[in-house]
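A look at the structure
Each chain, letter by letter, is given below.
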Amino acid sequence: MKVLGVSGSPIRNSNTDRALKLALESTGLETEFIKLTDYTIEPCRACLGCRKTGQCVIKDDGFELTEKVKESDALIIAGYTPYSTLDSRTKAFIERLYPNRHGIAHMKGKPGGAIVTYCIPKSIPMFPASQNGVDAIKYYMMEEEMDYVGDVQILGNMLGYLPTIKS
Ligand SMILES: Cc1cc2nc3c(=O)[nH]c(=O)nc-3n(C[C@H](O)[C@H](O)[C@H](O)COP(=O)(O)O)c2cc1C
């Protein structure tokens, strides 16, 4: 059984990366850590070409990562939360996974989990960053009928990111 972990954090050895690596290690299974900044992934073109072939028309690294996800037995996706939602790199990766649902539902029944870092404290309810981030990952996994195991939300790097909130 192989567990694939994918981090959308651009920072080397970031909170997001370290939390993901810890989660992968704790499975005691064969794992692979993927750092999305090491790959070039064009966003989904919404052409629906994959509905006919089960494969993406874009032959970049996203194509290979989609195959890798298809071959994995479990998936953990980790991202951070600029402007209180999931970061665009992680979201673009998720959208490129659309081919894996056609023909055979390749992800159906596979365990999946989410790790999300954030900096705006949960005591400020108007910015539910971590929950928005988790939901973006969770809804992907639910739509693919994966076995959503759960999430970890981590108060990460706050330096310089906290907004000035006017009352
Ligand atoms: C451009 C930018 C905008 C951010 N906006 C938010 C935000 O709206 N809400 C939030 O909770 N965190 C925000 N953050 C902070 C990150 O979510 C937080 O620092 C997180 O810990 C980053 O992941 P890392 O620690 O793995 O580097 C922002 C970070 C960046 C770079």
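Residues numbered from 1 in each chain as written. Predicted model: local features only at pLDDT ≥ 70, side-chain atom pairs only at ≥ 80, totals over all residues. Heavy atoms only, no water.

Looking at an unreviewed UniProt entry, the chain carries the name NADPH-dependent FMN reductase, with the source organism given as Trichlorobacter lovleyi.

Cross-referencing UniProt, the feature "domain: NADPH-dependent FMN reductase-like" (unreviewed entry) maps to residues 1–117 in the present numbering. Within residues 1–117, the helical portion is 31% and the strand portion 21%, while the C-alpha atoms at the span's ends are 27 Å from each other. (UniProt positions renumbered as here; feature names shortened; annotations may be inferred. Helix = DSSP H or I, 4+ residues; strand = E, 2+ residues; numbered from the N terminus.)

The next point concerns the sheet that holds strand β2 (residues 30–35). Taken in spatial order, the five strands of this open sheet run β2-β1-β3-β4-β5, and their pairing is parallel. Strands with a single pairing partner mark the edges of an open sheet, and in this sheet they are β2 and β5 (147–155). Here the average twist between neighbouring strands, direction ignored, is 15 degrees. Two strands pair when backbone bridges link them, and strand β4 (residues 111–118) and β5 are joined in this way by eight bridges, in the parallel orientation. Within β5, the residue paired with Gly-112 across the bridge is Tyr-148. Strands β1 (2–7), β2 and β3 (74–79) of the sheet are contacted by helix α3 (residues 61–71), whose axis makes an angle of about 155 degrees with β2. Sitting on the sheet, helix α4 (residues 88–95) is in contact with β1 and β3, with an inclination near 150 degrees to β3. (Pairing = 2+ DSSP bridges. Axes fitted to C-alpha atoms, helices over the stretch in contact; angles between N-to-C directions. Contact = heavy atoms within 4.5 Å.)

Inspection of the region around the ligand gives 18 residues, with Asn-15, Thr-16, Cys-119, Ile-120 and Asn-157 positioned closest. One nitrogen or oxygen atom from the main chain of Ser-84 is found 2.9 Å from an oxygen atom belonging to the ligand. Here the ligand has 630 Å² of accessible area as a free molecule, and 82% of this is covered by the chains. More than half of the atoms belonging to the ligand lie within 2 Å of the grid points that define the largest pocket. At the level of secondary structure, the elements contributing two or more residues to the shell around the ligand comprise α1 (15–27) and β4. (Near = heavy atom within 4 Å. Polar contact = N/O pair within 3.5 Å; in protein donor to acceptor, adjacent residues only side chain to side chain. Areas by Shrake-Rupley, 256 points an atom, 1.4 Å probe, with all protein chains shown as cover. 1 Å grid on protein atoms, 1.4 Å probe; cavity = no way out; pocket = protein on both sides within 12 Å on 5 of 7 lines; lining within 4 Å. Sits in = over half its atoms within 2 Å of the grid points.)

Right, let's talk about helix α5 (residues 129–143) for a bit. Residue pairs three or four apart in sequence face the same way in an α-helix, which turns once every 3.6 residues. Under the 1.5 Å per step criterion, the end-to-end length of α5 is 21 Å for 15 residues, consistent within 8% with the ideal 21 Å. Where α5 is concerned, the buried positions are Ala-129, Ser-130, Gly-133, Val-134, Asp-135, Ala-136, Ile-137, Tyr-140 and Met-141. Buried residues in α5 make contact with α3, β3, α4, β4 and β5. Downstream of α5 by one or two residues, Glu-145 has phi in the positive range, about 60 degrees. (Expected span 1.5 Å × (residues − 1). Buried < 20%, exposed > 50% of the residue type's maximum accessible area, 1.4 Å probe, protein only.)

What follows covers the pairing of β3. Most of β3 sits out of view: six of its six residues are buried. Side chains of β3 alternate between two faces, with Ala-74, Ile-76 and Ala-78 and Leu-75, Ile-77 and Gly-79 buried alike. Note: β1 against β3, five bridges, orientation parallel. Residue pairing in the sheet places Ser-7 in a bridge with Ala-78 of β3. Looking at chain direction, β3 and β4 are connected through five bridges and run parallel. Counterpart to Leu-75 in the pairing with β4 is Gly-112. Crossover connection from β3 via α4 to parallel β4: handedness right-handed. (Right-handed = clockwise from strand over helix to strand, strands pointing away.)

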